[in-house]
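Coordinate analysis (summary)
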Amino acid sequence: MTLDDAYANAAYIPDADRFLTYWDETARSYRDAEHTLGRAQLNQPYGAHPNQVFDLFFPAGRPVGLMIFVHGGYWLRFGRRDFSHLAQGACARDWAVALPSYPLAPDASIPQITQSVSLAIDQIARRIPGSIVLAGHSAGGHLVARMGQGDSGLSCETRTRIQTIVPISPVADLRPLMQTEMNGPLGLTEDIAKAESPALHRAPQGVHTHVWVGADERPAFLEQAQLLAKNWQSELTIEPGKHHFDIIAGLEDPESDLLEAMLGPAS
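Now for a description of the structure that goes with this document. Small disclaimer: the values here were computed from a predicted structure and weren't measured.

Taking strand neighbours across the sheet as the criterion, the 8 strands line up as S1-S2-S4-S3-S5-S6-S7-S8 in an open arrangement whose pairing is mixed. Across the chains shown, the open sheet's two edge strands, defined by having one partner strand only, are strand S1 (40-45) and strand S8 (235-239). Taken pair by pair, the neighbouring strands of this sheet meet at an average axis angle of 20°, ignoring direction. Pairing between strand S2 (residues 53-57) and strand S4 (residues 96-100): 4 bridges, direction antiparallel. When the bridges of S4 are listed, Phe57 appears paired with Val97. Its contacts with the sheet place helix H3 (residues 110-125) against S1, S2, strand S3 (65-70), S4 and strand S5 (131-137), and it is angled at close to 155° to S3.

Dropping the structure here:
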């Protein structure tokens, strides 16, 4: 028996394609406007692979800290440019925001993607001083949760600066994905799935964690979020009326509950 339907999101979201159109158009508009204003450093390489690139957005004044958002797409699709607009809420609250791309499967394995994201975070952290907040959606939620483990590849210097990790609708236990068709390109084995599953490992030490998921998501994603929160003894928010695609909309709003969970109360 496969679990493809359990992890199918778009099929259960009415007019799902409109979200892809909205992300593309809004991200491009925000990115272009910020670049024109001189508040964006785009296409910054952090490695040799063409996808090892990040975009960095700045607030109008001096940054009070650094928020890094890691995109989702089942480690198979999307990139930083699809989600530029998600920087605007934190930037409005005087945080710098970075969005890295990373090599995608099947060209890269999930362990290689994990190491790529840690490399990106280390290099981005050198650009901006102060506290670091990590947030990621879906597969990106998995990747930021992995940054809390000792074998993530993050430097000790960067790790000590991480204030908060917010996995949004994360895949925290990869073992069920071995029963899906996507495991063809993902290439998960039992050993890799266990090693790369944040829910199967101890919670990050000295870091505030808050798992966030939509109440209208597929049951599998609710279960994944609940498992991670339980095993990490983390805060958990199940946001009413949100599904897998609109759960990230709160990142656009500086006054959203999601951004408050990430950055603290607005001043």
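Bringing the packing of aromatic side chains into the picture now. For the coordinates displayed, the defined rule picks out 10 aromatic pairs. Pairing Tyr7 with Phe221 gives two aromatic rings, centres 5.7 Å apart and planes at 70°, and the pair type is edge-to-face. Of this pair, Tyr7 sits in the segment before helix H1 (17-36) while Phe221 sits in helix H8 (residues 219-232); the two residues are 214 residues apart in sequence, bridging distant segments of the chain. Across the pair, Phe221 and Tyr7 agree in class, each one buried. Ring centres of Tyr30 and Phe57 lie 5.5 Å apart, and the angle between their planes is 45°; this geometry places the pair in the tilted category. You can see Tyr30 sitting in helix H1 and its partner Phe57 sitting in strand S2, a full 27 residues away along the chain.

Time to look at the pairing of S5. On a regular strand, one side chain projects to one face of the sheet and the next to the other, so that they alternate. Extensive coverage of S5 is indicated by the burial of 6 of its 7 residues. Pairing analysis gives 6 bridges linking S3 to S5, with the strands arranged parallel. From the neighbouring strand, Val70 faces S5, where its bridge partner is Gly136. As paired strands, S5 and strand S6 (residues 162-168) are joined by 6 bridges and run parallel to one another. Residue pairing for S6: Val133 is matched across the bridge by Thr164.

Taking 1.5 Å per residue as the helical rise, H1 with its 20 residues ought to reach 28 Å, and the 29 Å between its terminal C-alpha atoms agrees with that figure. Burial in H1 covers these residues: Phe19, Trp23, Thr26, Ala27, Tyr30, Arg31 and Glu34. One side of H1 holds all its buried residues, which, seen down the axis, span an arc of 130°. Every exposed residue of H1 that faces more than 90 degrees away from the buried side is listed here: Asp17 and Thr36. On the buried face of H1, the contacting elements are S1, S2 and helix H2 (88-92). Gly38 lies just past H1 and shows a positive phi near 75°.

Attention now moves to the pattern of salt bridges. Taken as a whole and judged by the stated rule, the model has 9 salt bridges. When the shortest N-O distance is used, the salt bridge between Arg146 and Glu196 registers 3.0 Å. Here Glu196 lies in the loop between helix H7 (190-195) and strand S7 (208-214) and Arg146 lies in helix H4 (residues 139-146), a separation of 50 residues in the sequence. The buried category is assigned to Arg146, whose relative accessible area is 2%. Here Glu196 falls in the buried class, since its relative accessible area comes to 5%.

This part is about the side chain of Thr26. Within the element layout of this structure, Thr26 appears in helix H1. One polar contact links the side chain of Thr26 to the main-chain carbonyl oxygen of Tyr22, over a distance of 2.8 Å. When near neighbours in sequence (up to four residues on either side) are disregarded, Thr26 contacts His85 and Glu252.

Before going further, it helps to spend a moment on the environment of Gln88. Inspection of the secondary structure puts Gln88 in helix H2. As for Gln88 and Phe57, which are separated by 31 residues in sequence, their C-alpha atoms are 8.5 Å apart. A polar contact of 3.1 Å, which involves the side chain of Gln88, links it to the backbone oxygen of His85.

A surface patch of like charges, here negative, comprises Asp253, Glu255, Asp257 and Glu260. For Glu255, a relative accessible area of 69% translates into the label exposed.

What follows is about the nonpolar core. One finds Leu66, Ile68, Trp75 and Leu134 to be the most contacted residues of the largest nonpolar core, which totals 43 residues. Within the residue set of this core, elements represented by two or more residues are S2, S3, S4, H3, S5, H4, S6 and H8. Residue contacts for Leu66: discarding those within four places in its chain leaves Leu56, Trp95, Ala96, Ala98, Ile124, Ala125, Ile128, Ser131, Ile132 and Val133. In this structure, Cys91, Leu99, Ile247 and Leu251 belong to the second largest nonpolar core, which totals 32 residues.

Quick notes on the rules
Residues numbered from 1 in each chain as written. Predicted model: local features only at pLDDT ≥ 70, side-chain atom pairs only at ≥ 80, totals over all residues. Heavy atoms only, no water. Pairing = 2+ DSSP bridges. Helix = DSSP H or I, 4+ residues; strand = E, 2+ residues; numbered from the N terminus. Axes fitted to C-alpha atoms, helices over the stretch in contact; angles between N-to-C directions. Contact = heavy atoms within 4.5 Å. Phe/Tyr/Trp six-rings, centres within 6.5 Å; stacked < 30°, edge-to-face > 60°. Buried < 20%, exposed > 50% of the residue type's maximum accessible area, 1.4 Å probe, protein only. Expected span 1.5 Å × (residues − 1). Arc of directions from axis to C-beta. Salt bridge = Lys/Arg side-chain N within 4 Å of Asp/Glu carboxyl O. Polar contact = N/O pair within 3.5 Å; in protein donor to acceptor, adjacent residues only side chain to side chain. Patch = residues over 30% accessible without salt bridge, like charges linked within 9 Å, V, L, I, M, F, W, Y side chains within 5 Å. Areas by Shrake-Rupley, 256 points an atom, 1.4 Å probe, with all protein chains shown as cover. Lys, Arg positive; Asp, Glu negative; His and termini not counted. Charge placed at Lys NZ, Arg CZ, Asp CG, Glu CD. Core = buried A, V, L, I, M, F, W, Y, C linked by side-chain atoms within 4.5 Å.

Honestly, that's just the spatial picture; any functional story needs more than this.
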